[in-house]
Amino acid sequence: MVIVDKQDVVSAEEQRLREDRDRTKYWKKWGPYTAERQWATVREDYSADGNAWADFTHDMARSRAFRWGEDGISGVSDTHGRMHIAFAFWNEKDPFLKERLFGLSNPQGVHGESIKEAHFHLDNTPSHSYMKMLYKLPQGEFPYEDIVQENARRNRKEREYNLIDTGIFNDNKYWDIYIETAKEADNPDELLFRVSAYNRGKEHAKLHILPHVWFRNTWMWGYDDYKPSIEQQSPLTTEINHRELGRRWMQCSPSPNSCGGNDDVEPQLIFTDNDTNFKELGWGSNKTQYVKDAFHKRVVKGDKQAINPKNHGTKSAAWYAFNQAKGVAPGECAVVRFRITTKKPEGYLDEEEFDETMDQRIAEADEFYYKINPMPMADDLRNIQRQAFSGMLWCKQHYYFIWDQWANGDPGMPPPPPDRKHVRNEQWKHMHCDDILSMPDSWEYPFFAAWDTAFHCIPIAIIDPEFAKKQLDLFTREWYMHPNGQFSAYEWNFGDVNPPVHAWATFRTFKIERKMYGREDLDFLERVFQKLMMNFTWWCNRKDFDGKNVFEGGFLGLDNIGLFNRSDPLPTGGKLEQADATGWMAFYCLCMLNIALELAKHRRIYEDIASKFFEHFILIADAMQYRKGDSAKSLWNEEDGFYYDAITWGGGWSHQMPIRSLVGLIPLYATLTMEPEVIKRFP
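Remember, predicted model here, so these are calculated numbers, not experimental data.

Glancing now at the packing of aromatic side chains. One pass over the structure, following the stated rule, counts 40 aromatic pairs. Judged by centre distance (4.8 Å) and plane angle (5 degrees), the rings of F193 and F338 are stacked. A residue pair is termed long-range when its members are at least 10 positions apart, and F193 in strand β11 (residues 191–199) and F338 in strand β19 (residues 333–341) qualify at 145 residues. Just as F193 is buried, F338 falls in that class too. Of the aromatic side chains, those joined through ring pairs into one cluster are W68, Y399, Y400, F401, W406, W428, F448, F475, Y480 and F494. One residue, K292, lies across the ring of F66, its end atom 4.0 Å from the ring centre.

Structure, rendered in structure tokens:
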């Protein structure tokens, strides 16, 4: 509970989080865990040269089954990414069904990879009892080629060419599509979905809405040939079976006809399999008759043979067509409602009860976020804060990666090129990830970055300290952290080095939970601290080769900080002694000192460890300012009043690099204010 004025008043959302924490109900089993981009990730790259952007493109994603995850629009999945619910749209103008968000790859973008859509994460609660997203779909043909070609023409000194620059939204010719998800009050397995599509233009327009339900392909790789199933039970109901998730149903509701007709719009239930269309990709004949891109071929191309006439498969959709007469009138709204339920449906879906449940979850979300910050605040500021939290929660995604299977290939598939395993991450054979992680971005960065995650945990701890602690704990576990103590950085190069901010985030998360919720999780603090000592030792052994307490580290997460890539060998020879790496290590010492002192309040043995980190901090600070020997130079430039990196060739030969950047300010992070009672208790 959030403690306000020393009063413990538990909101409905806080009660859900308590039940999830106590493991009496699994409220986080379903959430926004489907990625917004799975194509062009390192996990899906099976090329010889490691060119992930070219090996699995946006165009391929329509027809090629993913190996390690799934993607979709406003997607929801279980915590292991087995079953997914997401949305597709067609405006009768686009060349293909909009099943996923479009963007440019890194080589295509003016400034690297960049999403070229208009979508907004509007609301979300920590238990995902209510979620809301807005997607703006143009009514004209989506300018795919224009975006690609114009960005290719521009250089890095010019701004990016985005969707809004194309003029596609002129005269308000677009749909505002609000996608909401809610859970029932007492059952985390009951999921309600509502899509409200508003015609913002001045003319009638046609729209097709296709909620998708499908299973991640786990059967074609040669480990287990079990195939879950989705099968039509009635004109509005499908039965969904998975040996691990159990039986459930998708129940659809007829939609009011917003095209001027008298009859409701009833969906057509269509089915296929989530298998690769080898023929479409030019890779030979298909292994299954019905394949992944069947809905595109049926809806856009009109190919009735593409879908399974027996109405079953591993991928299904409810096809709502709002295309009667001239379509939806200006200002009018097309609405789609359906639910995923563990209770066998009888009769029609009760729309009034459905909407009341949605409204109740919204009211509970309002109550929860008001309690998070009960201080007087303008409504706009309160909404900005809430939407910022929402963005963090929408970036929770399922991350699946097993190094051995990825590097060596699957028994059911042709072996990958023999040199592939040497392209990247060869030393990370222990990696075995199957978790919900906080991603830096839901589309542009759909994989973890260790130090980004540490920063994420600070705001997340305000609304869900359990999830924040879980994230910090995960990166110290043996299936993430290298046996030598190094943290995995990110999938493009697990062995790269990120700034050591984990200890800071751990202690901050601990203190936020104590202050806001009145809980002291000392087990969490001690468990992570023990692993952090291994990581600290790795830094000392690997990044301070000469034992001078001056550190290297490479680019350290700051991509554009220098004139050259600091992770590469120096063209001049020698070693780069980095002001930021050394400053970060001084900061690391102080954070570990802080944690040790907190633990020492309960176990006296940590006093000695606190003393050790204090001494190490003094040594690092001394090394940055004063170096042994008259001919040695420090990283501090007295004349400029600034810290600089330095190249050293040994034997006292060192040369500062007078480049003013954030590198020279990072040593200032290494400060600590200690409370008088702590000094008094541990003199």
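That was the structure; now back to the text.
This part takes up the pairing of strand β10 (residues 174–183). Among the ten residues of β10, ten are classified as buried, and the element is accordingly described as predominantly covered. Burial of the side chains of β10 extends over both faces: Y174, D176, Y178, E180 and A182 are buried on one face and W175, I177, I179, T181 and K183 on the other. The sheet contact formed by strand β9 (residues 130–138) and β10 spans nine bridges and is antiparallel. Directly across from M133, in β10, lies its bridge partner I179.

Another aspect to go through is the sheet that holds strand β22 (residues 575–577). Consider a sheet: its strands pair through backbone hydrogen bonds, and that pairing is either parallel or antiparallel. Across the sheet, three strands lie side by side as β22-β25-β26; this open sheet has antiparallel pairing. The open sheet terminates on both sides in strands that have one partner only, identified here as β22 and β26 (653–657). Neighbour to neighbour, the strand axes of the sheet diverge by 30 degrees on average, direction disregarded.

A few words on helix α8 (residues 379–394). Taking 1.5 Å of rise per residue, 16 residues should cover 22 Å, and α8 covers 22 Å from first to last C-alpha, within 8% of that figure. Among all positions in α8, only R382, R386, F389, S390, L393 and W394 are buried. When α8 is viewed along its axis, its buried side chains cluster within an angular range of 140 degrees and face the same direction. Exposed residues on α8 whose side chains face more than 90 degrees from its buried face are D380, L381 and I384. On its buried face, α8 sits against β4 (73–78), β8 (119–124), β9, α7 (351–372), β20 (396–402) and α10 (450–463).

Looking now at the sheet that holds strand β17 (residues 312–313). Strand order in the open sheet formed by nine strands is β8-β9-β10-β11-β19-β15-β14-β13-β17, and the pairing between neighbours is antiparallel. Of all strands in the sheet, those bounded by a partner on one side alone are β8 and β17. Of the pairings in the sheet, the one linking strand β13 (residues 229–234) to strand β14 (residues 237–242) comprises five bridges and is antiparallel in character. Paired with S234 across the two strands is T237, which belongs to β14. Packed on one face of the sheet, α7 meets β8, β9, β10, β11 and β19 and runs near 95 degrees to β11.

What follows deals with the environment of D568. Here D568 is to be found in the loop between α13 (522–542) and β22. On the basis of relative accessibility, which here comes to 44%, the residue D568 falls in the partly exposed class. Put simply, D568 and G554 are 14 residues apart on the chain and 7.5 Å apart in space, counted from C-alpha to C-alpha.

Bringing the pairing of strand β21 (residues 432–438) into the picture now. Along β21, five of the seven residues are buried, which leaves the element largely enclosed by surrounding structure. Both β20 and β21 contribute to a ladder of seven bridges, which runs antiparallel. For Y399, the partnering residue across the bridge sits in β21 and is D435.

Ranked by size, the top nonpolar core spans 75 residues in total, and within it F529, L532, W539, M585, Y588 and I595 carry the most contacts. When residues of this core are traced back to their parent elements, those giving at least two are α7, α8, α10, α11 (465–474), α12 (502–517), α13, α14 (579–600) and α15 (606–625). With 17 residues, α14 is the single largest residue contributor to this core. Not counting residues within four places of it along the chain, the set of residues in contact with L532 comprises F487, H502, A503, T506, Y588, M592 and I595.

UniProt marks residues 445–550 with the feature "domain: Mannosylglycerate hydrolase MGH1-like glycoside hydrolase" (unreviewed entry), using the numbering shown here. Between the first and last C-alpha atoms of residues 445–550 the distance is 32 Å; the span itself is 58% helix and 0% strand.

We now examine α10. Think of an α-helix as 3.6 residues a turn; residues three or four steps apart then line up on the same face. Its 14 residues place the ends of α10 21 Å apart at the C-alpha level, agreeing with the 20 Å of an ideal helix rising 1.5 Å per residue. Taken as a whole, α10 carries its principal kink of about 35 degrees at C457; the proline P459 stands between one and four residues after it. With ten of 14 residues buried, α10 lies mostly within the body of the structure. Looking at α10, one finds that the buried residues are A450, W451, T453, A454, H456, C457, I458, I460, A461 and I463.

Calculation rules
Residues numbered from 1 in each chain as written. Predicted model: local features only at pLDDT ≥ 70, side-chain atom pairs only at ≥ 80, totals over all residues. Heavy atoms only, no water. Phe/Tyr/Trp six-rings, centres within 6.5 Å; stacked < 30°, edge-to-face > 60°. Helix = DSSP H or I, 4+ residues; strand = E, 2+ residues; numbered from the N terminus. Buried < 20%, exposed > 50% of the residue type's maximum accessible area, 1.4 Å probe, protein only. Lys NZ or Arg CZ within 6 Å of the ring centre and 35° of its normal. Pairing = 2+ DSSP bridges. Axes fitted to C-alpha atoms, helices over the stretch in contact; angles between N-to-C directions. Expected span 1.5 Å × (residues − 1). Arc of directions from axis to C-beta. Contact = heavy atoms within 4.5 Å. Core = buried A, V, L, I, M, F, W, Y, C linked by side-chain atoms within 4.5 Å. UniProt positions renumbered as here; feature names shortened; annotations may be inferred. Bend = angle between axes of the 7 residues up to and from the residue.

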